[in-house]
Amino acid sequence: MNTTLAFNSFQEKLDKDFNIEPKDVMPDDYRKHLIRQISQHAHSEVIGMQPEGNWISRAPSLRAKQILLAKIQDEGGHGLYLYSACETLGISRDELIEQLHEGKAKYSNIFNYPSLSWADIGAIGWLVDGAAIVNQVSLQRTSFGPYARAMVRICKEESFHQRQGYEIMATMMSGTKVQREMAQDAMNRWWWPSLMMFGPHDSDSPHSGKAFEWKIKLKSNDELRQKFIDKTVQQAEVIGLTIPDDQLKWNEDKQGYDHGEINWDEFKRVINGNGPCNKQRLDHHKKYHADGAWVREAAAAYAETNSKF
Amino acid sequence: MDTQLALWEVFIQKKSGGDHTHCGSVHASDSAMALQNARDIYTRRNEGSSIWVIPSQFVTASKAEEADMLFDPADDKIYRHPTFYVMPEGAKQI
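First, a word on what this report is: a plain description of the structure on this page. (Residues numbered from 1 in each chain as written. Chains lettered and ligands numbered in written order. Predicted model: local features only at pLDDT ≥ 70, side-chain atom pairs only at ≥ 80, totals over all residues. Heavy atoms only, no water.)

Overview of the sheet that holds strand E3 (residues 50–55) of chain B
Residues and elements named next belong to chain B. Counted only if it meets this: Pairing between two strands is assigned when DSSP locates at least 2 bridges connecting them. Strands here are runs of E lasting at least two residues and helices are runs of H or I lasting at least four, both read from the DSSP assignment and numbered beginning at the N terminus. All axes here are fitted lines through C-alpha atoms, helices being fitted over the stretch that makes contact, and every angle between N-to-C directions spans 0 to 180 degrees.
In space, the 3 strands of this open sheet follow the order E2-E1-E3, with antiparallel pairing throughout. The sheet terminates laterally at strand E2 (20–28) and E3, the two strands that pair on one side only. Between one strand axis and the next, the sheet turns through 30° on average, direction left out of account. Across 6 bridges, the pairing between strand E1 (residues 6–13) and E3 is antiparallel. Residue pairing in the sheet places glutamine 13 in a bridge with serine 50 of E3.

Right under this line is the structure:
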């Protein structure tokens with residue numbers, strides 16, 4: 001087959017806003033970029049189960065416990081949709097997990113922060129999932145078909161996550177003084193890391209150029225971050241929470257909020273492995289992956305002896 | 001060797017009588033585990049009334065670069081559509 005022709009058809013599809021599908025010819029760098037991005041996304045879903053799992057046994061009511069279990073199960077499911085999408089690019093699940101364990105693949109920085117109180121479960125759902133939704137809604141139209149379809153499914157499920165988190169915060173804000181302080185404390189600790197979830201400023205974003213050309217990315221880090229801030233500030237006000245940013249101010253001209261400087265030194269420190277929980281998160285994943293090896297082996301052996309489809 | 005078990009494609013029927021639509025894949029050692037995993041992963045919110053799982057290795061797909069050859073010929077056969085035909089004025093229920 002003529003490869004120039006095939007690449008022309010890749011470009012033609014992009015130009016016409018058609019999805020690129022797994023068996024289509026695609027530039028190597030497009031494939032690599034997607035594997036990096038989708039696997040990071042998948043790992044984030046799975047690692048993100050840990051800070052929440054920390055509170056299952058201490059949930060304040062049976063209702064809260066059921067909800068938290070359902071949410072964490074969703075996160076596991078989201079990880080699996082995304083691993084499936086990533087595998088269509090020709091990488092195996094084993095390789096993906098190995099890259100995570102070796103630190104070659106990253107997961108969202110936000111999960112390197114600890115969940116210290118029940119209010120953190122509220123803040124994670126409302127702010128962390130809220131930020132993730134803003135990003136994921138825009139990814140529903142990303143150019144790679146399996147990724148876009150996984151996003152559609154995930155977005156449908158995420159809005160329950162955000163609403164249950166906001167409900168926890170609202171409940172605590174209508175409680176005792178101590179409960180209100182807990183909620184505000186969680187807000188103070190999760191606000192800035194949530195803003196960092198959108199990545200570096202556009203002027204300093206190393207992977208963006210090609211990602212836009214290839215229509216993997218449709219909105220810039222700063223655009224998405226702005227969108228998140230603009231919708232969250234009002235929600236905080238309604239329940240009486242203060243955004244921990246004394247420079248936050250409505251800007252009439254741009255019809256959005258101006259915000260204070262993000263601490264990028266902290267961002268870099270955490271992403272390079274020196275956050276409060278990096279080691280704990282990865283060690284936990286490695287341990288349970290290794291502990292489960294016998295189950296996979298037993299299942300494979302059983303299938304071997306009963307091989308029939 | 002990949003230790004993550006074989007890959008299976010999952011097709012879900014939303015309502016009885018409808019078609020089974022591809023929705024993703026799962027890893028499983030056999031068909032029973034594939035069904036169980038598909039049920040856990042893809043039907044947490046009443047998305048299904050029936051599930052098919054098929055080993056991915058048995059799916060044969062048409063090639064993207066053959067799409068024109070395969071599907072172009074249908075383009076110029078508009079007489080396969082009912083709207084192609086001119087109906088006599090006044091005829092009803094046709």
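More follows now that the structure is in view.
Remarks on the interface of chain B and chain A
A common measure of how large an interface is: the accessible area buried when the components associate. Where we set the bar: Contacts are assigned to residue pairs with any non-hydrogen atoms lying within 4.5 Å of each other. The term buried area refers to how much accessible surface (probe radius 1.4 Å) is lost by two components on association, counted for both of them together. Any carboxyl oxygen of Asp or Glu within 4 Å of a side-chain nitrogen of Lys or Arg constitutes a salt bridge here. Two N or O atoms count as a polar contact when they lie within 3.5 Å, although within protein this holds only if one can serve as hydrogen donor and the other as acceptor, and sequence-adjacent residues are included solely when both atoms are side-chain atoms. All residues other than Ala, Val, Leu, Ile, Met, Phe, Trp, Tyr, Cys, Pro, Asp, Glu, Lys and Arg, Gly among them, are scored as polar; the first ten of these are nonpolar and the last four charged.
Listed per partner, the contact involves 25 residues of chain B and 25 residues of chain A. Approximately 2000 Å² of surface area, both sides summed, lies buried where chain B meets chain A, with 53% of it carried by carbon and sulfur atoms. Among the residues chain B hides against chain A, the three largest losses belong to Gln4, Arg44 and Arg45 of chain B. Together they make up 26% of the total. Two residues, aspartate 74 of chain A and arginine 45 of chain B, come together in a salt bridge whose shortest N-O distance is 2.4 Å. In this structure, the connection of chain B to chain A is made through 11 residue pairs in polar contact (both at pLDDT 80 or more). Among the secondary structure elements, those contributing two or more residues to the side of chain B that touches chain A are E1, E2 and helix H1 (31–42) of chain B. When residues in the side of chain B that touches chain A are grouped by element, the largest group, 4 residues, is from H1 of chain B. Classifying every residue of the side of chain B that touches chain A gives 12 nonpolar, 6 polar and 7 charged.

Some details on the environment of tyrosine 113 of chain A
Residue and element names in this part refer to chain A. Note that tyrosine 113 resides in the loop between helix H5 (93–101) and helix H6 (118–139). Along the primary structure tyrosine 113 and cysteine 277 are separated by 164 residues, whereas in three dimensions their C-alpha atoms are 5.8 Å apart. With residues up to four places along the chain from it excluded, the contact list for tyrosine 113 reads Trp190, Pro193, Glu266, Val270, Pro276, Cys277 and Arg281.

Digging into the packing of helix H8 (residues 177–196) of chain A against helix H10 (residues 221–239) of chain A
Residue and element names in this part refer to chain A. The criterion, for reference: For this classification, under 35 degrees means roughly parallel, over 145 means roughly antiparallel, 65 to 115 means roughly perpendicular, and everything else is oblique.
In the contact formed by H8 and H10, the axes pass within 9 Å of each other and the chain directions differ by 150°. Our classification of the angle between H8 and H10 gives roughly antiparallel. Side by side, H8 and H10 meet where Trp191, Ser194, Leu195 and Met196 of the first sit next to Arg225, Phe228, Ile229 and Thr232 of the second. The residue makeup of the contact of H8 with H10, split by class, is 5 nonpolar, 2 polar and 1 charged.

Let's talk about H8 of chain A
An α-helical turn contains 3.6 residues, so a residue and the one three or four places further along point in the same direction. All names here are of chain A. Note the following rule: To estimate the expected span of a helix, count its residues, drop one, and scale the result by 1.5 Å. Note on bend: at a given residue it equals the angle between the axes fitted to the 7 residues ending there and to the 7 starting there.
Relative to the 28 Å expected for 20 residues at 1.5 Å per residue, H8 spans 30 Å between its end C-alpha atoms, a close match to the ideal helical length. Its axis deflected by about 30° at tryptophan 190, H8 carries its strongest bend there, up to four residues before the proline proline 193. Considering only its buried residues, H8 is in contact with H6, helix H7 (145–173), H10 and helix H11 (264–274).

A look at the nonpolar core
A general trend in soluble globular proteins is that nonpolar side chains are found buried together. Going by this rule: Grouping buried Ala, Val, Leu, Ile, Met, Phe, Trp, Tyr and Cys residues that are joined through side-chain atoms within 4.5 Å yields what is termed a nonpolar core. Three exposure classes are used, based on accessible area relative to the maximum for each residue type with a 1.4 Å probe and protein chains only: buried under 20%, partly exposed in between, and exposed over 50%.
Within the largest apolar cluster, 49 residues are counted, with the highest numbers of intra-cluster contacts made by Trp118, Leu127, Met169, Trp190, Trp191, Phe228 and Leu241 of chain A. Breaking this core down by element, the ones donating at least two residues are helix H4 (62–87), H6, H7, H8, H10 and H11 of chain A. Per-element tally for this core: the top contributor is H6 of chain A, with 10 residues. Residues in contact with leucine 241 of chain A, not counting those within four places in the same chain, are Trp126, Met169, Met173, Ala183, Gln184, Met187 and Ala236 of chain A. Core analysis: the second largest hydrophobic core is formed by 38 residues, Val46, Tyr81 and Cys86 of chain A together with Val53 of chain B among them.

Let's talk about a nonpolar patch on the surface
Residue and element names in this part refer to chain B. To keep things clear, this is the line we draw: For patches, a residue must show more than 30% relative accessible area and have no salt bridge; joins then use 9 Å for like charges and 5 Å for nonpolar side chains, namely Val, Leu, Ile, Met, Phe, Trp and Tyr. The accessible surface values rely on the Shrake-Rupley method and a 1.4 Å probe; as for residues, cover is taken only from the protein chains in view.
Together, Ile78, Tyr79, Phe84, Tyr85, Met87 and Ile94 make up an exposed nonpolar region whose accessible area comes to about 660 Å². Tracing the backbone shows phenylalanine 84 in the segment after helix H2 (67–71). Overall, phenylalanine 84 belongs to the partly exposed group, its relative accessible area being 40%.

A short note on the side chain of arginine 44 of chain B
Here arginine 44 of chain B lies in the loop between H1 and E3. There is a polar contact of 3.4 Å between the side chain of arginine 44 of chain B and the backbone oxygen of aspartate 40 of chain B. Looking at arginine 44 of chain B, its side chain comes within polar contact range of the main-chain oxygen of isoleucine 41 of chain B, at 3.0 Å. Sequence-distant contacts of arginine 44 of chain B, defined by excluding residues within four places in its chain, comprise Gln73, Asp74, Gly77, His78, Tyr81 and Glu157 of chain A together with Arg39 of chain B.

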